[in-house]
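Read off the chains here:
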Amino acid sequence: MATASQAPLPRVALRLYTPAYPRCQPGNVSQSDPREPVTLLLRDLRSKPGGLPSREAARRLEIYGPNELRRKQRTDWPRQLIRQFTHPLALLLWLAALLAMVSSSTELAVAVVAVIVLNAAFAFTQEQQAEKAVEALSAYLPARATVLRDGTRTAVEARDLVPGDVLVVEEGDRVSADARLLDGSVEVDLSPLTGESLPAYRSAELKDVTGPLLDARDLLFSGTNCTGGQALAVVFATGMHTELGKIAALSQRVGRDESPLEKQVKRVAWLIAAVAVGVGVAFLPLGAFVAGLPLDDALNFAIGLLVANVPEGLLPTITLALAVGVRALARGGAVVKRLSAVETLGSTTVICTDKTGTLTRNRMRVTRLWTFAGELTGEASGTPPEPARALAEVVSACSNAELDPSDPGAEGSGDQTEIALLRAARSLGEDVSPERRAGHRLRQFHFDATLRLMSTLDRRGDRTVLNVKGAPEAVLERATTYLPGEGGPQPLTDTERARVTEAIDRYAHQGLRLLAVATRDVTGDAADARRDELERDLTLIGVAAMIDPPRDGVPEAVARCHSAGIRLIMVTGDHALTAGEIARKIGLARDHPTVITGDRLAELSERELESLLEGKRELVFARTSPEVKLRIADALRAQGNVVAMTGDGVNDAPALRRADIGVAMGVTGTDVAREASTMVLTDDNFSTIVTAVEEGRRVYDNVRKFIVYIFAHATPEVIPFLLFALSGGRIPLPLTVLQILAIDLGTETLPALALGREPAEPGVMSRPPRRRSENVITHAMLGRAWGLLGGVSAVLVLGGFFLTLFAGGWYFGAPVGEGTALHPVWQQATTMTFLGIVACQIGTAFASRAQYASLRTVGPWSNRLLLWGILFEVVFSAAVVTLPPLRAVFGTAPPPAEQLAMLVVFPFVVWGIDEWYRWWRRARGWGGRDVLAPAATG
Ligand SMILES: Nc1ncnc2c1ncn2[C@@H]1O[C@H](COP(=O)(O)OP(=O)(O)OP(=O)(O)O)[C@@H](O)[C@H]1O
């Protein structure tokens, strides 16, 4: 059986469209039977092998609507909202409300229900926002398709496909509509539709008029991927009329899975909830028996403690922070498909990158043409010597790229290497028009990244010629003769081989990309001959050398990787010397790259490969086939690395899936690679990967920052209760339950959210990557939040409380209950505690903005949102203390002015001590590491 890659090229692709065109009538096109004879089908679809005129396509788009899967109207928001009221932590709070009711404290019960409602509303909005942010991503990655419109190949968005369009399907394309093959054959991966993992062969030659539609061997279906070959197919169904639409099995939605970070935080939230319940339950006997509180009151305080410490808002805030990170990444050119990718990016330890187009510009220009008659500078003009003319003829025939005949300066379409070669051929006077090429072509063998060859079988007068281009070694090893300056082919002796090899090495040393060109006269019937039977006994004509300089910004991005402790590995199909030179130019391996060729790699055992990859050495793998990437990804991951791997071809898909972060090229990459990847670069630029890693680190850092912030106030809230209980009630309660709730819900929330939007901390790319196993909450963080920030706050807050009490005439053990003389003083003192905690929160917020750096380098005012959050916090607490209705609810009374003035100092003390702590850590070289969690990387 013929394979797709050996199939003849569909010739109709290049036949020009003839205008006499029947207009489609609404309604009748989509009813055509895809299995009727092609001529009938085309007639029913009112189409032609040359495709539709663009005006007609636009008209049909109006009639049939966009080629999209309409997602079911989202009616699941009520369910999502209900979930906010019924998740386990919310249920815990419901239980607390119920207990409050039972203990006949309606006020508290109402307050707890308010907490639940507010939290649910908050979490719901955050999740909606997160979902929207992630959904908006699909706009960054419009699916594309190539069609024949007005007789020429045109790239369109897949949503613009209409019945009657003629699709050009090539290796790596995703099929975006249901279509009947007109010409050519392809291998398709039907697994997205049928689950069948083996590629299926589909050909215009194979007719199946019975059996299930999905099995028909001349039909292609939306949602499947072409893994080989090339074909033309006429679209007979789009959008919801496709088989995929009918099954509605796939949606284009970006995945929403629970990330490891979210899982970790969930676990921590549960742990803290358990502690909160424990503290609450422990308080009951302490309050009732040790402090002598009435049981109802003790129960109320226990409930207050529980409600205050259950971190119910933590998870949605983290989800939102990740989603906002995803949106920021997309704007920067890196579209990720999973929220979890953001945190994985942050811990990337190795980036394995392609060269062409990622590190280099992929804007190639032929600078040298070497033949046995001498050397020409690229795009030279005038009458060329015979071998150069022959070279131009071969590269013109053996190509699928197109130049714009009307505009010599235009970019051209197709593979950049081929565009560069066509330009060079055109400047030598060669006719490079696709029509001429199509008129001569008999067969095509696609560029094979493993063979590193492409060839076409063409008619030249009454001769049949195989035109070959490919990597010099691949061509040279198949060549037996060469074309001298004059006359016919001569045997390729060692002397001639040495001549050409010397030229190749010289060019490669200059970082030039090289292709050798050869031909062969084929006699006899070549229609069914195998590729390897044809690609031998070649006549070597010469070598084309082209320049593809590094992209702007790449050397800087490489330097950033170095300072961030991220190792780089170049994996390229290019020549070892070329790759080595480009590596040197961009500063990889600090200008001394170790280059390993694919042949050498093939000889290495797994053990040897692992020892090669051990350590931090930066490497260049040259002349590799895509399969090698999988081996490298596996070996690196086995060593505990977090691997980002780039790729663009169909064969790269397994490695992209295996890597922690598969990175596909959005511009030059195939749909298959884009689908297999976790992240798609909309600009194909290596620097964007590094920026994405930085963004990943920033988001992860921010999650840690707000965790520190919201954990810190637990100490000044809990210690007063302990004092009260341990003193047997002789020290009055420094804070009421409702005041605690005012802090947790009123003052804390907005600044916490704002910390999720913190810009990257200076030095975020100067520290080594986080360990894969490192927990989001480390001991050092807890020490800082509960011990340092919380401890200092507790001391200050209690200081304020006692000062107000003593100033008002209180003495140890003096009663402060309602009706006593000291009751107003106690109210002032609890208000002092409340305001003291708020003041300390302000200091904590500024301190939490940096994990390692000083606030000065972060920029004290650089997070506007935080400033607004703090303003809200201040206004809200002022209202609680001054507005009579709120005073009545929260039991507050404004303390005297001189005591209030003291509060101004609190934020500075809290922030100042933390600032000193960070300085102390930096001074000890712990700038990028948690003190208690030193990581070993690489
Ligand atoms: N269209 C083509 N036709 C024939 N030979 C080609 C073509 N494109 C590339 N080659 C040859 O094959 C070699 C390997 O190309 P391949 O596309 O596998 O890797 P690359 O583009 O050089 O690098 P990278 O893997 O970094 O993208 C090239 O150096 C070139 O000699």
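Residue positions are given per chain, counted from 1 along the sequence in the order it is written. At least 70 in pLDDT is required for a residue's local features to be given in this predicted model, at least 80 for side-chain atom pairs to be given and counted, and no such filter applies to totals for whole chains, interfaces and linings, which use all residues. By convention in this description, side-chain values take in all heavy atoms of the structure and omit both hydrogens and water.

## Structural notes on the overall build of the protein chain
Only DSSP runs of H or I with at least four residues qualify as helices, and only runs of E with at least two residues qualify as strands; both kinds are numbered from the N terminus onward. Broken down by element type, the protein chain carries 35 helices and 24 strands. Dimensions of the protein chain along its principal axes, counting C-alpha atoms only, are 120 × 65 × 45 Å. For the protein chain, the proportion of its 938 residues judged to be buried stands at 57%. Within the protein chain, contacts between residues separated by at least 24 positions form 74% of all contacts whose residues are at least 6 apart in sequence. Shrake-Rupley sampling with a 1.4 Å probe provides the accessible areas, and residues are treated as covered by the protein chains on show and by no other component. When the accessible area of the protein chain is evaluated, it comes to approximately 37600 Å², of which 58% is carbon and sulfur surface. The sign given to each residue is positive for Lys and Arg and negative for Asp and Glu; His and the chain ends receive no count. Lys charges are placed at NZ, Arg charges at CZ, Asp charges at CG and Glu charges at CD. Across the protein chain, the 99 positively charged side chains and the 103 negatively charged ones have centroids separated by 2 Å. When accessible area is computed with a 1.4 Å probe and restricted to protein chains, residues below 20% of their type maximum are described as buried, those above 50% as exposed, and intermediate ones as partly exposed. By definition, residues are in contact when any of their heavy atoms lie within 4.5 Å.

## A closer look at the domain arrangement of the protein chain
Put simply, an interface is often sized by how much accessible area is lost when its parts join up. The source of the domain bounds is an automatic or database domain assignment. Segmentation of the protein chain into domains returns domain 1 (4-70 + 149-247), domain 2 (329-360 + 551-692), domain 3 (365-547) and domain 4 (713-759 + 773-926). Taking only C-alpha atoms, the centre of domain 2 and the centre of domain 4 are 48 Å apart.

## Here's the deal with the nonpolar core
The set of buried Ala, Val, Leu, Ile, Met, Phe, Trp, Tyr and Cys residues whose side-chain atoms join them within 4.5 Å is what this entry labels a nonpolar core. V112, I318, M679, F686, I707 and F834 are the most contacted members of the largest nonpolar core, which has 145 residues in total. Considering every element that reaches this core, the biggest residue donor is helix α25 (residues 686-712), with 15 residues. Residue-level mapping places this core at the junction of two domains, with at least three residues from each of domain 2 (329-360 + 551-692) and domain 4 (713-759 + 773-926). When neighbours within four sequence positions are excluded, F686 is seen to be in contact with I351, T353, T358, L359, V554, A557, V558, C561 and L568. Judged by nonpolar contacts, the second largest core, of 31 residues, contains F372, L457, Y482 and V522.

## Quick word on the pairing of strand β22 (residues 643-647)
Looking along a regular strand, one sees the side chains alternate between the two faces of the sheet. With respect to burial, β22 is a largely interior element, 5 of its 5 residues being buried. Taking every second residue as pointing to the same face, both faces of β22 are buried, with V643, M645 and G647 on one and A644 and T646 on the other. Two elements, strand β9 (residues 350-353) and β22, share 3 bridges in a ladder whose sense is parallel. Paired with C352 across the bridge in β22 is M645. In this analysis, strands are considered paired if DSSP registers two or more bridges between them. One ladder, built from 4 bridges, connects β22 with strand β23 (residues 661-665); its direction is parallel. Within β23, the residue paired with M645 across the bridge is G662. Call a crossover right-handed when, viewed with both strands pointing away from you, the route from the first strand across the helix to the second goes clockwise. Each parallel crossover has a hand, and the one from β22 via helix α23 (residues 653-658) to β23 is right-handed.

## Overview of the sheet that holds β22
Here 8 strands make up an open sheet; going across it, the order is β8-β24-β23-β22-β9-β19-β21-β20 and the pairing mixed. Here the strands that pair on one side only, and so sit at the sheet edges, are β8 (334-336) and β20 (594-597). Within this sheet the neighbouring strands show an average axis-to-axis angle of 20 degrees, counted without direction. Contacts between helix α21 (residues 606-613) and the sheet are confined to β19 (567-571), β20 and β21 (619-622), with β21 contributing the most and set at about 135 degrees to the helix. Between N-to-C directions, angles cover 0 to 180 degrees, with each direction set by a line fitted to C-alpha atoms, over the stretch in contact for helices.

## Structural notes on the site of the ligand
With respect to spatial proximity, 18 residues lie near the ligand, and among them K355, R513, L514, T572 and D574 are the closest. With respect to the ligand, the side chain of E418 contributes an N or O atom lying 3.3 Å from a nitrogen atom. In the environment of the ligand, an oxygen atom lies 3.0 Å from a nitrogen or oxygen atom belonging to the side chain of D574. With the chains in place, 90% of the 600 Å² that the ligand exposes on its own is no longer accessible. Secondary structure elements with two or more residues in the shell around the ligand: β14 (463-470) and β17 (513-522). Broken down by element, the residue count for the shell around the ligand peaks at 3 residues, all from β17. Put simply, a residue is near a molecule or strand once any heavy atom of it comes within 4 Å of that molecule or strand. Two N or O atoms form a polar contact when they lie within 3.5 Å of each other; inside protein one atom must be a possible hydrogen donor and the other a possible acceptor, and for residues adjacent in sequence the pair counts only when both atoms belong to side chains.

## Here we look at the packing of helix α26 (residues 714-726) against helix α29 (residues 779-807)
Across the interface, α26 lies against α29 with an axial gap of 7 Å and an inter-helix angle of 50 degrees. The angle between the axes of α26 and α29 places the two elements in the oblique class. In terms of crossing hand, the pair formed by α26 and α29 is right-handed. Note on element contacts: α29 touches α26 through W786, G790, G791, S793, A794, V797, L798 and F802, opposite A714, T715, P716, I719, P720 and L723. Note on residue categories: nonpolar means Ala, Val, Leu, Ile, Met, Phe, Trp, Tyr, Cys or Pro, charged means Asp, Glu, Lys or Arg, and polar means any other residue, Gly included. Looking at the contact of α26 with α29 residue by residue, the class counts come to 10 nonpolar, 4 polar and no charged. Throughout, the term roughly parallel applies to angles under 35 degrees, roughly antiparallel to angles over 145, roughly perpendicular to angles from 65 to 115, and oblique to all others. Handedness of each helix crossing follows the sense of rotation of the near helix against the far helix: counterclockwise by less than a right angle gives left-handed, clockwise gives right-handed.

## Description of the side chain of R520
The topology assignment puts R520 in strand β17. In this structure R520 touches T464, V465, L466, E533, L534, R536, D537 and L538, once residues within four positions along its chain are discounted.

## Notes on the UniProt feature "transmembrane region" (unreviewed entry) in the protein chain
UniProt positions are given in the numbering used here, feature names are shortened, and annotations may be inferred rather than shown by experiment. Taking the UniProt record as the reference, the feature "transmembrane region" (unreviewed entry) is found at residues 81-102, 108-125, 268-293, 313-330, 786-812, 832-853, 865-887 and 899-917. A distance of 27 Å separates the end C-alpha atoms of residues 81-102, which is 95% helix and 0% strand. Within the segment residues 865-887, helix and strand shares are 96% and 0% respectively, and the terminal C-alpha atoms sit 28 Å apart.

## Quick word on a nonpolar patch on the surface
A cluster of nonpolar residues, L95, L98, L99, M101 and V102, forms a patch on the protein surface that exposes about 500 Å² of accessible area. Mapped onto the elements of the fold, L98 is located in helix α4 (residues 88-102). Residue classification places L98 among the exposed residues on the basis of a relative accessible area of 53%. Only residues above 30% relative accessible area that lack a salt bridge enter a patch, with like-charged residues linked at up to 9 Å and the nonpolar side chains Val, Leu, Ile, Met, Phe, Trp and Tyr linked at up to 5 Å. Between Lys or Arg on one side and Asp or Glu on the other, a salt bridge is scored when a side-chain nitrogen of the former is within 4 Å of a carboxyl oxygen of the latter.

## Thoughts on the packing of aromatic side chains
Working definition: a ring pair exists when centres of Phe, Tyr or Trp rings (six-membered ring for Trp) sit within 6.5 Å. Plane angles under 30 degrees give stacked, over 60 give edge-to-face, the rest tilted. Here the structure, examined in full by the defined rule, presents 12 aromatic pairs. Here F372 and Y482 contribute two aromatic rings whose centre-to-centre distance is 4.4 Å and whose plane-to-plane angle is 45 degrees, an arrangement assigned as tilted. With F372 in the loop between β10 (365-371) and β11 (374-377) and Y482 in strand β15 (residues 479-482), this residue pair connects regions lying 110 residues apart in the sequence. Looking at F372, the relative accessible area reads 7%, which means it is buried. Judged by centre distance (6.5 Å) and plane angle (75 degrees), the ring pair of W810 and F812 falls under edge-to-face. Counting every residue linked through ring pairs, the aromatic cluster contains F801, F802, F806, W810 and F812. Over a ring means this: the NZ of a Lys or the CZ of an Arg is within 6 Å of the ring centre and within 35 degrees of the ring normal. The lysine or arginine in question, R506, covers the ring of Y507, its NZ or CZ lying 5.2 Å from the ring centre. The residue whose ring lies beneath R770 is Y700, and the NZ or CZ to ring-centre distance is 3.5 Å.

## Here we look at the pattern of salt bridges
Inspection of the entire model under this criterion finds 46 salt bridges. For D552, the salt bridge identified is with R361, shortest N-O distance 3.4 Å. Of this pair, D552 sits in the loop between β18 (538-547) and α18 (554-563) while R361 sits in the loop between β9 and β10, and the two are 191 residues apart along the sequence. For R361, a relative accessible area of 38% corresponds to the partly exposed category.

## Re the environment of D634
Along the chain, D634 falls in helix α22 (residues 626-638). Linking D634 and E606, residues 28 residues apart in sequence, is a C-alpha distance of 10.0 Å.

## Comments concerning unusual backbone geometry
Of note in this structure, D537 is not a glycine but carries a positive phi near 50 degrees. Of note, D537 is situated in the loop between α17 (531-534) and β18. A relative accessible area of 38% means that D537 is categorised as partly exposed. Phi is positive for R623, close to 50 degrees, though the residue is something other than glycine. Secondary-structure assignment places R623 in the loop between β21 and α22.

## Digging into the pairing of β21
With burial as the criterion, each face of β21 is covered, one bearing L619 and F621 and the other bearing V620 and A622. Pairing of β20 with β21 involves 4 bridges; the strand directions are parallel. Looking across to β21, one finds that I596 is bridged to F621.

## A few points about the environment of L835
Tracing the chain through its elements places L835 in helix α30 (residues 823-848). What makes L835 buried here is its relative accessible area of 13%. The spatial distance from the C-alpha of L835 to the C-alpha of V797 is 8.4 Å, given a sequence separation of 38 residues. If we skip the residues at most four places from it in the chain, L835 touches S877, V881, L900 and L903.

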